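The residues making up each chain are set out below.
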Amino acid sequence: MMVVEEERSIEEGLLKLKNQNDDSECRITACVIFSTFVAVCGSFSFGVATGYTSGAETGVVKDLDLSIAQFSAFGSFATLGAAIGALFSGKMAMVIGRRGTMWVSDILCITGWLSIAFAEEVVLLNFGRITSGIGFGLTSYVVPVYIAEITPKHVRGTFTFSNQLLQNAGLAMIYFCGNFINWRTLALLGALPCFIQVIGLFFVPESPRWLAKVGTDKELENSLLRLRGRDADISREASEIQVMTKLVENDSKSSISDLFQRKYRYTLVVGIGLMLIQQFSGSAAVISYASTIFRKAGFSVAIGTTMLGIFVIPKAMIGLILVDKWGRRPLLLTSAFGMSMTCMLLGVAFTLQKMQLLSELTPVLSFICVMLYIATYAIGLGGLPWVIMSEIFPINIKVTAGSIVTLVSFSSSSIVTYAFNFLFEWSTQGTFFIFGGIGGAALLFIWLLVPETKGLSLEEIQVSLIHQPDERNQT
């Protein structure tokens, strides 16, 4: 009873803080911009890895004499490694901090990329893919969390979405350069952003919310002063962070059983559900094997991948601009609808091809559908599940919940990446009809369950979502 009363009093204090005005929280300082840039360097390398199998397929298969099964395994090993990294991502980010986790990720990614670049046999090739994948598993969790924890709330979505923008930049480089740069050189280019991040991390502050969690109040204030400006009044924001930390400190030793408390089930369902629909709607397969799809459709691989390389960054900018204007839910709904429709049209295109009807039209229709699929994916389901994941979990369960959600994402991605080539051989049109159906189910899930978090601080989101299940039960 006393614990309940204490929590209630803390929540009342948080609401009072919410009603106070503090212009310092609206500042976008050079430190915030630079810190975000350093964090998303790892995202660029992750984007290179995502599209690497598309850009390097011909060269790798030819030089190392790989079979379809061996190359499919190589493609899936990155996400398999990422699933392993996900198991440790949350705990590592809590124990050694956000910056420390990014340093560990860089070491793994650099080792992996160099192993791929100098591989002379399939064993070293796969070792490099798995090792870098483990690093990307850490990156995918810690980068959006770090950015969400350092940025002002009115631009948090935009800055966190830059994680997706830099992934698309890496993807664009692979699509564009894969046509004329050797696969070994591409691997070296993938390692370059990790070297930049290793150096940059020495000059950025640690997350103030992690500092509050580990009890270093003085360092918390110093971090906020660096992020908001030395002349800023950070007292309100520091108090809000400390109040929410106290609200959850009774549950500070997070475990699996904590996640199934009634007040956390809703957020867990949302986090896991978004990651499942992100992957099983076919995103990993289409992005990783775009060249295979173009080849099967009879469209020029060189033209198709070059156009994707040119197109992939501008379309990601749309999501970056709209995420804090439209909100999360409208972009997710638009994204799921677009992915579902383009997959259905791809299924129709391959059906017409199989029936030998409109043979001149189907290659162009397939190319347009792939372009639109990746565009609609980028504005919503590509990055927003990670944005929402970084927002909805309170600090006391962020370790366990974040690790599980990241593990689900990469495990499902590994399954899709490995199975795609075999599904594609089984039925080209059936593969995309399956993806389209899952995209349709995603619309229903988002409409019914996913909350809107635009314009709220992390502490405000956590208070509202803890009581969300009770409010739903009352209605």
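The shown structure was predicted, so the numbers you read here are calculated from the model rather than taken from an experiment.

**Quick notes on helix α9 (residues 217-228)**
For step 1, the next point in the chain: When the terminal C-alpha atoms of α9 are compared, their 16 Å separation across 12 residues agrees well with the 16 Å that a helix rising 1.5 Å per residue should span.
For step 2, the next point in the chain: Every buried residue of α9 is listed here: Leu220, Ser223, Leu224, Leu225, Leu227 and Arg228.
For step 3, the next point in the chain: Once α9 ends, the next one or two residues include Gly229, with phi positive near 110°.

**Some words on helix α5 (residues 122-150)**
For step 1, the next point in the chain: For α5, which comprises 29 residues, the first-to-last C-alpha distance of 41 Å matches the rise-based estimate of 42 Å (1.5 Å per residue) to within 8%.
For step 2, the next point in the chain: At Thr139, α5 shows its maximal kink, close to 25°.
For step 3, the next point in the chain: The buried fraction of α5 is high, at 23 of 29 residues.

**Quick word on the packing of helix α2 (residues 30-64) against helix α7 (residues 183-200)**
For step 1, the next point in the chain: Their axes nearest at 8 Å, the elements α2 and α7 cross at an angle of 165°. Of the possible angle classes, the one that applies to α2 and α7 is roughly antiparallel. The chirality of how α2 crosses α7 is left-handed.
For step 2, the next point in the chain: Looking at the contact of α2 with α7, its residues break down into 16 nonpolar, seven polar and two charged.

**Comments concerning the pattern of salt bridges**
For step 1, the next point in the chain: According to the stated counting rule, one finds four salt bridges in the structure shown.
For step 2, the next point in the chain: Glu237 is the salt-bridge partner of Arg228, the closest N and O atoms lying 2.9 Å from each other.
For step 3, the next point in the chain: For Arg228, a relative accessible area of 0% gives the class buried.
For step 4, the next point in the chain: Judged by its relative accessible area of 3%, Glu237 is buried.

**Let's talk about the side chain of Gln429**
For step 1, the next point in the chain: Mapped onto the fold, Gln429 is located in helix α19 (residues 428-449).
For step 2, the next point in the chain: Setting aside anything within four residues of it in sequence, one finds Gln429 in contact with Gly347, Phe350, Thr351 and Lys354.

Definitions and limits used
- Counting restarts for each chain: residues are numbered from 1 in the order of the written sequence.
- Predicted model: local features are reported for residues with pLDDT of at least 70 only, side-chain atom pairs are reported and counted for 80 or more only, and whole-chain, interface and lining totals are derived from all residues.
- Heavy atoms from the whole structure form the basis of all side-chain values; hydrogens and water molecules are not counted.
- What counts as a helix is a DSSP run of H or I of at least four residues, what counts as a strand is a run of E of at least two, and both are numbered from the N terminus.
- To estimate the expected span of a helix, count its residues, drop one, and scale the result by 1.5 Å.
- For every residue, the accessible area obtained with a 1.4 Å probe (protein chains only) is divided by the maximum for its type, and the residue is called buried under 20%, exposed over 50%, and partly exposed between those limits.
- One axis fitted to the seven residues ending at a residue, another fitted to the seven starting there: the angle between these axes is the bend at that residue.
- Each axis is a line fitted through C-alpha atoms, and for a helix only the stretch in contact is used; angles between axes span 0 to 180 degrees, taken between their N-to-C directions.
- For classification purposes, angles smaller than 35 degrees are called roughly parallel, those larger than 145 roughly antiparallel, those between 65 and 115 roughly perpendicular, and all remaining angles oblique.
- Less than a right angle of anticlockwise turn of the near helix away from the far helix marks a crossing as left-handed, whereas a clockwise turn marks it as right-handed.
- Three classes are used, and their members are as follows: Ala, Val, Leu, Ile, Met, Phe, Trp, Tyr, Cys and Pro are nonpolar, Asp, Glu, Lys and Arg are charged, and the others, Gly among them, are polar.
- We define a salt bridge as a side-chain nitrogen of Lys or Arg found within 4 Å of a carboxyl oxygen belonging to Asp or Glu.
- In this description, contact between two residues means that some pair of their heavy atoms is separated by no more than 4.5 Å.

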